[in-house]
Amino acid sequence: MASAAEQLAANLDVGAFQKATELHKRLLFTLGAMIVYRLGTFIPIPGVDTNAISAIIERQQNGIFGMANLFSGGAVSRMAIFALNVMPYISASIIVQLLGTMYPPWEKLRKEGGEAGRKQLNQYTRYLTVVLAMFQAGGVAIALQGSQGAVLNPGLFFVVSTIVTLTTGTMFLMWLGEQITSRGVGNGVSLIIFAGIVARLPTALFQLFSQTHNGSLGAGTLLFFLALAVGVIVFIVFMERSQRRLLVQYPKRQQGNRMFGGETSFLPLKINVSGVIPPIFASSLLALPYTLTTFLNQTNLPTWLQWLPGAAAQLNHGQPVYMIAYGLMIIFFSFFYTSVVFNPEDTAENLRKYGGFLPGIRPGKKTAEYIDFVLTRLTVVGSIYIAGVCLLPEALMASNQISTYYFGGTSILIVVSVTMDTVAQIQSHLLAHQYEGLIKKSKLRGGRGAR
């Protein structure tokens, strides 16, 4: 059932959009920020041979570099200043969220610190982002020096300059994402990843149609794949909008001769609370063994390590072992991340604090247990849904030799989720503009009536 805001948003006309000047400014700012981001993905770091790096990334397309290249909009294959993208910031945010539920001082900041506590935790996230970005940039610099012909002048100066350049690029993107969130439309960090994926889609579609043109992919298979992709997108939209609403009642209270309260509301619980984090984590971990073995000199491996290349090959896309492990890890991370971002005990305590209760359930511990019971059932459905969406393209692409990362479940989930979130924010800005217009009209009418 659509909410009142969704029903009103469905009736918005073009005239309301034309009059919303504040929304125009926000959209133009967001567009300008995306242009700046895309320009940065074409500026290479100093001292590298971009042709050699592009060839290296092409050979490791199924590894972790292929996934990083997708999320960065091709910046990794060009070894641009934004090659690390916002991944260190996302990792830092998840670590701080996790410690916020386990480390007592940070847990106190999160629960009792209010706005000041939230700002302090955001500052810790920025500090940790610098550390992770420097660590990853150092690994990239060392890996590039170990690759034949990738670095023009290897040495300490190249390592230091690469660390400084890539770390600065990540911090700039983090700042740009925060500016988009506050002055633009949508979640800035999500939009940066969204822009990277969408920027590579035309190239992927061209390759897809080229395969059909040269006969390596049948026209019927192409049409089936495109129709299935549309169906998957519709299914994702349906599941992402689905929620379980728990009825919350507030008791009546008397103040003097007047009665207050007695209202009812809903506690919405999404089917997919964890979002796109589970498939990102799962694909990153599974791509790591394959990536590491590509850097090994497999001809000189010790006898006791001869099994390693074959085992890593089983964790490549399309292999049964990979698909089983991928599905199980998605389900695991769905439960894990849901437990991090949603605490039933905190929710039950907040309801009790404001006098709310679930009908037929005692406030406090019993309410927390019931919310946890409902959330667990929803997470079971949500984790199976995410695993299915991610595994279906894997199976089809393995048989038809279609690029996995461009049309994989993770990419589709990110693009659809970010699009829905951005459209919802645009609708909320339009609603705010309409409400302001109604208030101004009522004030004008009131002034005329007084005269």
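The preceding data block contains the structure.
Residues numbered from 1 in each chain as written. Predicted model: local features only at pLDDT ≥ 70, side-chain atom pairs only at ≥ 80, totals over all residues. Heavy atoms only, no water.

**Student:** Outline the overall build of the protein chain, supporting the account with residue identities and numerical values.
**Tutor:** Scanning the protein chain from N- to C-terminus turns up 18 helices and four strands. Out of the 451 residues in the protein chain, the part that is buried amounts to 39%. Partitioning the contacts of the protein chain with sequence separation of at least 6, the portion at a separation of at least 24 is 75%. When the accessible surface of the protein chain is totalled, it reaches about 24500 Å², and 63% of it is carbon and sulfur. (Helix = DSSP H or I, 4+ residues; strand = E, 2+ residues; numbered from the N terminus. Buried < 20%, exposed > 50% of the residue type's maximum accessible area, 1.4 Å probe, protein only. Contact = heavy atoms within 4.5 Å. Areas by Shrake-Rupley, 256 points an atom, 1.4 Å probe, with all protein chains shown as cover.)

**Student:** So what's going on with the pattern of salt bridges? Which residues, and what values?
**Tutor:** A complete count under the given rule lists four salt bridges for this structure. The salt bridge partner of Glu240 is Lys270, with a shortest N-O separation of 3.7 Å. One end of the pair, Glu240, is in helix 11 (residues 219-241); the other, Lys270, is in strand 4 (residues 264-270), and 30 residues separate them in sequence. Taking the relative accessible area as the measure of exposure, Lys270 reaches 36% and is therefore partly exposed. Residues Glu349 and Arg352 are paired through a salt bridge, measuring 2.4 Å at the closest nitrogen-oxygen approach. A residue pair is termed a helical-turn pair when its members lie 3 or 4 positions apart in one helix, as Glu349 and Arg352 do in helix 15 (residues 344-353) at three residues. (Salt bridge = Lys/Arg side-chain N within 4 Å of Asp/Glu carboxyl O.)

**Student:** Before we move on, could you go through the packing of aromatic side chains and cite the residues and values that matter?
**Tutor:** Counting across every chain of the model gives ten aromatic pairs. Their ring planes at 90 degrees and their centres at 5.3 Å tell us that Phe281 and Phe333 sit as a pair that is edge-to-face. Residue Phe281 is found in helix 12 (residues 277-294), and its partner Phe333 is found in helix 14 (residues 320-341); the two are separated by 52 residues along the sequence. On the basis of relative accessibility, which here comes to 25%, the residue Phe281 falls in the partly exposed class. Ring centres of Phe332 and Phe336 lie 6.1 Å apart, and the angle between their planes is 15 degrees; this geometry places the pair in the stacked category. Of this pair, Phe332 and Phe336 both sit in helix 14, four residues apart, which is roughly one turn of the helix. The structure contains a cluster of three or more aromatic residues connected by ring pairs, namely Tyr37, Phe82, Phe172 and Trp175. (Phe/Tyr/Trp six-rings, centres within 6.5 Å; stacked < 30°, edge-to-face > 60°.)

**Student:** Can you lay out a nonpolar patch on the surface for me, pointing to particular residues and giving the numbers?
**Tutor:** Residues Leu28, Leu31, Ile35 and Leu39 make up a contiguous nonpolar surface patch of about 420 Å² in total accessible area. Structurally, Leu31 can be placed in helix 3 (residues 21-40). (Patch = residues over 30% accessible without salt bridge, like charges linked within 9 Å, V, L, I, M, F, W, Y side chains within 5 Å.)

**Student:** Run through helix 6 (residues 87-102), naming residues and quoting values.
**Tutor:** Between its terminal C-alpha atoms helix 6 stretches 23 Å, which fits the 22 Å expected from 16 residues at 1.5 Å a residue. For helix 6, the set of buried residues is Met87, Pro88, Tyr89, Ile90, Ala92, Ile94, Val96 and Gly100. (Expected span 1.5 Å × (residues − 1).)

**Student:** Can you explain the packing of helix 6 against helix 7 (residues 104-112)? Please cite residues and give values.
**Tutor:** Working note: a packed helix pair is described by the angle between its axes plus the distance between those axes. For the pair helix 6 and helix 7, interaxial distance at closest approach is 6 Å and the crossing angle is 95 degrees. Between helix 6 and helix 7, the angle is such that the two are roughly perpendicular. Touching Val96, Leu99, Gly100, Thr101 and Met102 of helix 6 are Pro104, Trp106, Glu107 and Arg110, all from helix 7. Of the residues that constitute the contact of helix 6 with helix 7, the class distribution is five nonpolar, two polar and two charged. (Axes fitted to C-alpha atoms, helices over the stretch in contact; angles between N-to-C directions. Parallel < 35°, antiparallel > 145°, perpendicular 65-115°, else oblique. Nonpolar A, V, L, I, M, F, W, Y, C, P; charged D, E, K, R; others polar.)

**Student:** Explain the packing of helix 6 against helix 14 to me, and be specific about the residues and the numbers.
**Tutor:** Their axes nearest at 9 Å, the elements helix 6 and helix 14 cross at an angle of 65 degrees. Between helix 6 and helix 14 lies a crossing whose hand is left-handed. Listed contacts from helix 14 to Ile94, Gln97, Leu98 and Thr101 of helix 6 are Phe336, Tyr337, Val340 and Val341. Split into classes, the residues belonging to the contact of helix 6 with helix 14 amount to six nonpolar, two polar and no charged. (Left-handed = near helix turned anticlockwise from the far one by under 90°.)

**Student:** Break down the nonpolar core for me, citing the residues and quoting the values.
**Tutor:** Formed by 59 residues in total, the largest nonpolar core has its most connected members in Phe71, Ile193, Ile236, Leu413 and Ile414. A total of nine residues in this core trace back to one element, the largest contributor, which is helix 16 (residues 365-400). Residues Ile45, Val76, Leu144 and Ala150 belong to the second largest nonpolar core, which totals 19 residues. (Core = buried A, V, L, I, M, F, W, Y, C linked by side-chain atoms within 4.5 Å.)

**Student:** So what's going on with the side chain of Asn85? Which residues, and what values?
**Tutor:** Topologically, Asn85 is positioned in the loop between helix 5 (64-71) and helix 6. Accessibility expressed as a relative area gives 2% for Asn85, which makes it buried. A distance of 2.9 Å separates a polar atom in the side chain of Asn85 from a polar atom in the side chain of Tyr37. Other than its neighbours up to four places away in sequence, Asn85 contacts Tyr37, Phe71, Ser72, Thr170, Leu173, Ile192 and Ile193. (Polar contact = N/O pair within 3.5 Å; in protein donor to acceptor, adjacent residues only side chain to side chain.)

**Student:** For the environment of Gln211, give the residues involved together with the corresponding values.
**Tutor:** Positionally, Gln211 belongs in helix 10 (residues 188-213). In the structure, Gln211 is positioned eleven residues away from Leu222 in sequence and 9.4 Å away in space, judged by C-alpha atoms.

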